[in-house]
Amino acid sequence: MSFESLKLFPQLLQNIEEQGYEKPYPIQLEVIPKILAKEDVLGIAKTGSGKTASYVLPILTLLENVKTKNRFTNVLVVVPTRELAVQVQEVFYEFSKGLPFPAKSLAVFGGVAINPQMKRMRNVNVLVATPGRLLELTRSNAVNLSKVSTFVMDEADKLLNLGFRKELDEILRLLPKKRQNLLFSATLNSDVKDLERIMQDVPSILETEKIVIEEKEEDTSTPLNTSVSLITQTGYFVSKEKKGPLLRHLIKENKMEQVLVFTSSIYQADQLTIKLRKNGINSRAIHSKKSQGSRQESLTLFKNNKLTVLVTTDLLARGIDIEFLPFVVNYELPRSPKDFIHRIGRTGRAENPGEAITFVTEEDKHHFRVIQKKMKQWVTMIDSESGAFEF
Ligand code: AMP
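Now for a quick tour of the structure. Fair warning: this is a prediction, and the values are worked out from it, not measured in the lab.

### Description of the sheet that holds strand S14 (residues 380–383)
So, step 1. With respect to topology, seven strands assemble into an open sheet ordered S10-S11-S9-S12-S13-S8-S14, the strand pairing being parallel. If you trace the sheet from one side to the other, it starts and ends with strand S10 (283–286) and S14, each paired once. Taking each pair of neighbouring strands and ignoring which way they run, the sheet shows an average axis angle of 20°.
So, step 2. As paired strands, strand S12 (residues 327–330) and strand S13 (residues 354–360) are joined by four bridges and run parallel to one another. Paired with Val329 across the strands is Ile357, a residue of S13.
So, step 3. Across the sheet, helix H10 (residues 243–253) lies against strand S8 (231–237), strand S9 (259–262), strand S11 (309–312), S12 and S13, angled at about 160° from S13, the strand it touches most.

Here's what the structure looks like:
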């Protein structure tokens, strides 16, 4: 099936071609007709499967027949992180080029001055926002949500977490009752109790190669196939002290030119970056204590292949799309298996292969087993201390 058969606005087909998309990905084939039919959708698709375009393209098509009014955005996309807000808005921007009807998009997020964002709000009808800044903007009347016809939650399970609960409830109160709801995530269960808070009707549940996070114990004696099939995973048993040398060794040995490294704390991210730099490896860190300017700059450098190592916390685990990212390293394990899947999902995207490497200390062994069990995939382990390795 081709994009032509999907009843998208004609100009979009040209923009799709310019993006180099040859044919729709499975999630796009499933989701686009549902959104065009104004149905509510719960899209559960593996990371990097093209979910952003699956809602951006039909949303832009629907805008043709929507009345626009200054400060009253028609489309609201809520995302959990600033970087994701920027990334999603870029997709809207690219695809809206040349459309003969208003489709102005804007990303708003905290950590930067609010005034410029307020000024740029004029005639915006697709607003991509993180929850906190969105509410600030509504309180100061820079934006009004009462005319939102399509409400999107990207990385929805994260937004449904306790941490965002109050803000999300407040946002929901500001939205009109009658609206289209689109929820997306790679790790979302369709039985999420919270769904009725958002959707009045039963949504179309679309799953393409869902990543199942099993909450209950089950027999995992047979190795299970995984949906993160484009990702080759390797684990290294390593002591805490040897992690730094092992990472440097792997970077050199594999001639890594672009590697995303996850640590479990801000402190560790900074320490590791300092050490890598001391060893002449071009590295920077992104975490919540860095200014928004620095975060964006590091991400841009990294995406443009001007930075070898980007060290980060789980801040960047979700949704961020780095084209052809070949390597992800879990320098430390995340607590939650879900975060593990989101982390490794930064590679192996858009049908390109990738490699995820995980460092496992003696204390991590049990936890890593739990992660593998929940992921339903067993990872090949290498004992880095066995002497087979020289570093
Ligand atoms: P996403 O899952 O939305 O983050 O998308 C992952 C990557 O896939 C992005 O770099 C998109 O530009 C790319 N992509 C999305 N749809 C297609 C398609 N139909 N053909 C080729 N690449 C695509």
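### Some details on the layout of surface pockets
So, step 1. Roughly 450 Å³ of volume is contained in the second largest pocket.
So, step 2. If you go around the second largest pocket, you meet 23 residues; those closest to its centre are Ser149, Thr150, Lys178, Arg179 and Gln180.
So, step 3. Elements that contribute at least two residues to the lining of the second largest pocket include exactly helix H3 (51–62) and strand S6 (180–185).
So, step 4. Along the lines of polarity and charge, the residues of the lining of the second largest pocket split into six nonpolar, eight polar and nine charged.

### So, the pattern of salt bridges
So, step 1. By the definition in use, this model includes 11 salt bridges.
So, step 2. One salt bridge connects Glu39 with Lys34, and the closest N-O pair in it is separated by 4.0 Å.
So, step 3. For Arg139, the salt bridge is made with Glu170, and the minimal N-O distance between the two is 3.1 Å. Separated by 31 residues along the polypeptide, Arg139 in helix H6 (residues 131–139) and Glu170 in helix H8 (residues 165–174) bring together distant segments of the chain.
So, step 4. Take Glu170: its relative accessible area is 26%, and that puts it in the partly exposed class.
So, step 5. One salt-bridge network, in which partners are shared between bridges, spans Lys51, Asp154 and Glu155.

### Here we look at the packing of helix H13 (residues 337–344) against helix H14 (residues 365–375)
How two helices sit against one another is set out by the angle between their axes and by the gap between those axes.
So, step 1. Where H13 contacts H14, the axes come no closer than 9 Å and their chain directions differ by 75°. It follows that H13 is roughly perpendicular to H14 by the angle criterion. On H14, the residues touching Pro337, Phe340, Ile341 and Ile344 of H13 are Phe368, Ile371, Lys374 and Met375.
So, step 2. Across the contact of H13 with H14, the residue classes break down as seven nonpolar, no polar and one charged.

Conventions we followed
Residues numbered from 1 in each chain as written. Predicted model: local features only at pLDDT ≥ 70, side-chain atom pairs only at ≥ 80, totals over all residues. Heavy atoms only, no water. Pairing = 2+ DSSP bridges. Helix = DSSP H or I, 4+ residues; strand = E, 2+ residues; numbered from the N terminus. Axes fitted to C-alpha atoms, helices over the stretch in contact; angles between N-to-C directions. Contact = heavy atoms within 4.5 Å. 1 Å grid on protein atoms, 1.4 Å probe; cavity = no way out; pocket = protein on both sides within 12 Å on 5 of 7 lines; lining within 4 Å. Points joined across faces, edges and corners; volume = space filled by probe spheres on them. Nonpolar A, V, L, I, M, F, W, Y, C, P; charged D, E, K, R; others polar. Salt bridge = Lys/Arg side-chain N within 4 Å of Asp/Glu carboxyl O. Buried < 20%, exposed > 50% of the residue type's maximum accessible area, 1.4 Å probe, protein only. Parallel < 35°, antiparallel > 145°, perpendicular 65-115°, else oblique.

Note that every value here comes from positions in space, so none of it alone points to a role or purpose.
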